[in-house]
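Coordinate analysis (summary)
Next come the chains, spelled out residue by residue.
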Amino acid sequence: MILIKGSTLFDGEKLQEAPLDVLIEDKKVVKIGPSIEAESAEIIDASGKVLCPGFIDIHVHVREPGYEWREDLESCSRAALAGGYTTVVAMPNTDPPVDSAPLVDFVARKGVALSGARVLPAGCVTRDRKGQFMAELGKMTDAGAVFFTDDGSPVATSQILKTALYYTRDLGVRIMEHPEETSLTSGGQVNEGLASSVSGLKGVPASAEYIDVVRGIALSRDTGSPIHFTHVSTALAIEAIRAAKREGLPVTCDVTAHHLSLDENHVLVSKFDSVYKVNPPLRSKGDVKALWSAVADGTVDAFITDHAPWHMDEKDLPFQEAPFGIASLECSVAVIMDTWLKLGSPVPLERILQLFTSSPASLLPDSWKGLGRIREGSMADLTLIDMEEAKMVDLELWESKGRNCPWRGEILTGWPVMSIREGMIFRKEI
Amino acid sequence: MNWRHRNLIDLDDWTREELNLFLEQANYMEELLNRPIKKVPALRGKLIVNFFFEPSTRTRVSFELAEKMLSADVVNWSSSGSSVSKGETLRDTAWTLEAMGADAVVMRYGAVGAADYLVRKLKKASVFNAGDGTHGHPTQALLDLHSAWKKRGDLEGARMAIVGDVLHSRVARSNIKAFSKMGVKVVLSGPRTLMPVDMVALGAEYDPDPRSAVGDADMLYLLRIQKERQEQGLIPSLDEYHKRYGADNELVGSAKKDVLVMHPGPINRRVEIASEVADGEKSIILKQVRSGVAVRMALLYLCLGGVRN
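The rules behind each value
Residues numbered from 1 in each chain as written. Chains lettered and ligands numbered in written order. Predicted model: local features only at pLDDT ≥ 70, side-chain atom pairs only at ≥ 80, totals over all residues. Helix = DSSP H or I, 4+ residues; strand = E, 2+ residues; numbered from the N terminus. Rg over C-alpha atoms; globule rule 2.2 N^0.38 Å. Buried ≥ 20, exposed ≤ 12 C-beta atoms within 10 Å, placed from the backbone. Contact = placed C-beta atoms within 7 Å. Pairing = 2+ DSSP bridges. Axes fitted to C-alpha atoms, helices over the stretch in contact; angles between N-to-C directions. Domains from an automatic or database assignment. Nonpolar A, V, L, I, M, F, W, Y, C, P; charged D, E, K, R; others polar.

What about the overall build of chain B?
Looking only at helices and strands, chain B features 13 helices and 9 strands. The globule rule puts the C-alpha radius of gyration for 309 residues at 19 Å, and the 19 Å found for chain B is close to it. In terms of its C-alpha atoms, chain B occupies a principal-axis envelope of roughly 55 × 45 × 35 Å. The buried share of chain B, taken over its 309 residues, is 49%. Counted over contacts in chain B with a minimum sequence separation of 6, partners at least 24 positions apart contribute 75%.

Points about the sheet that holds strand E3 (residues 104–109) of chain B
Residue and element names in this part refer to chain B. Strand order in the open sheet formed by 4 strands is E2-E1-E3-E4, with parallel pairing between adjacent strands. Looking at which strands have only one partner, the edges of the open sheet turn out to be strand E2 (73–78) and strand E4 (126–132). With direction set aside, neighbouring strand axes in the sheet form an average angle of 15 degrees. With 5 bridges joining them, E3 and E4 adopt parallel strand pairing. Residue pairing across strands places Val-105 opposite Val-127, the latter belonging to E4.

Brief notes about the environment of B:Gln230
Residue placement: B:Gln230 occurs in helix H9 (residues 227–231). Separated by 16 residues in the primary sequence, B:Gln230 and B:Val214 have C-alpha atoms spaced 24 Å apart.

What to know about the domain arrangement of chain B
Residue and element names in this part refer to chain B. According to the domain assignment, chain B consists of domain 1 (16–137 + 289–303) and domain 2 (138–285). On a C-alpha basis, the centroid separation for the pair domain 1 and domain 2 is 26 Å. Contacts between the two partners involve 20 residues from domain 1, matched on the other side by 20 residues from domain 2. Looking at the side of domain 1 that touches domain 2, the element that brings in the most residues is helix H13 (residues 285–303), giving 6 residues. Looking at the side of domain 1 that touches domain 2 residue by residue, the classes come out as 8 nonpolar, 9 polar and 3 charged.

This is the structure in structure tokens:
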């Protein structure tokens, strides 16, 4: 038994005003109340801290199978838990791509038996992620896939995307689209605008994201199927999603910690440090502002990391030669909290916490919908946040193999200090 | 004035005062070049590596001449036949050069950010950017500035028209910085498909009509149009480019009478420049080349411990 005393409880929807105690027994939350006594319980004093449902990140590049020198399921799982997440979704752009039931099964089985966060599999939309033929989406659903995505690339043609949307409509597993019109982005390196003009590097225009989002919205309207847009980075695309939601279409989206906190100036001010090279690229200051407005008004459904770890031998190159990606699993919660604090708390904390918990949980298949909430009887996946904790991002202490992190050495405020998965304390720093 | 720069990556952090001092120093170097015995012992015992990953004749030769005039020991390291072609990374090659005792590395490299990267990786050797992709080519800008300044003196209030492929031009980017700092107003012209989207961020204006862009110009700077821009579909044909934007006597005629016609070389005749202009009396293209050696001598001298006051 574990008794967490005196925390401010966030149950997935609302922050409770008065401090509450939470009693955990056998993987479950068994009791919530103002003053619980339990003699044999391990007591944790959480006063002044916020107790939340375990955080969920639906977009992580685990790199296994195939690229284990960059990250593997075990290191990623430990990194996720250290970063405050109890559940993460593994992107399928591995080697081989996760495009069949046996591969989904491999990730699913391994993913629930790791020593950190549980890792749930996403499968490819198309066979071999090549955009030509639909993968066995039904068999992958049965094997435990929680999203279908060709992430790293958009679904190659509108016809295949439409077919896959129809096909998945009754499967209960969403398609996650990486929105990018690739004929406009080929060779692109940085945001088209300030960064491309100053550097001469090929720009990635906001319109490339917008065009693919509009395509997805149109096909969602045609098929009646839900579609989820991941790592949305531009004001243009956000506005299209906002309008689609107003129309009542089953359209959802997520935004990354880096697009909420960094902009294209970081590429220039850092003098082309490749750690700022990411796809979609860091955008304009106006785009960052638009993303925060979308967080505030409910257009955004989830925060993600898009954690993309690289071995530094691969990443530490001149900007133009380096691969895309930022590793952030172990600091992304703090990045968002710190940015939110610095912006003067422009959104209620409740909303921020929803986007880490109940809101992404609602995008998962029904079997996982219990995640992201704290109720008596619910699974004891919990994240404890200390909004006053100020700590340096120290890559030496990371569980992740990735070191390509723009916040290295920075002091951020607002950290996860304890993570509990299925009733077990996996990490405690209080 | 103490010379605070040890490297030259680009001209962003050079002040106007520093540029003026630099130009005087380059003039002094040019005088040396006119003496019967050109060599001076200023950098005797310094090892400079010319590290060129892209084909370059004039920049490499110009640096090498400058180094030799100052009595430095010079090593030329090119990518073909070197460790780079065996898969060694830029970082490892750079560390190797430093271990061999290089005091300075002059580098041309195809990737944007390569020179900044090299500065971060080297522990003590100076770095001189001889071109990093589309981003910067500061010694070209310095020699252009020197050529114009010698002809015109103070450039405050002067106007410069840059016509051509600004989008892919490291020369244009560095030149806009250098000339703007000296009080020159820079106007860009050329087809939209060869222009950066945000020209205000570069500190320049855009005029789609080359005739009005060139009007009142004290300097007309032409950029090389690479054949591959046509292959990429950014311009329909080189001939169409020449007809609309190429510098012929008519276009030059819309500028000031004593306009200086400049080009970084190598020139494409009948593309961005007609022979009548290239070889005409307003062209200072070959004078730019001569400035190149003096300017690079001044740079190496100042940054590698020549004068400190």
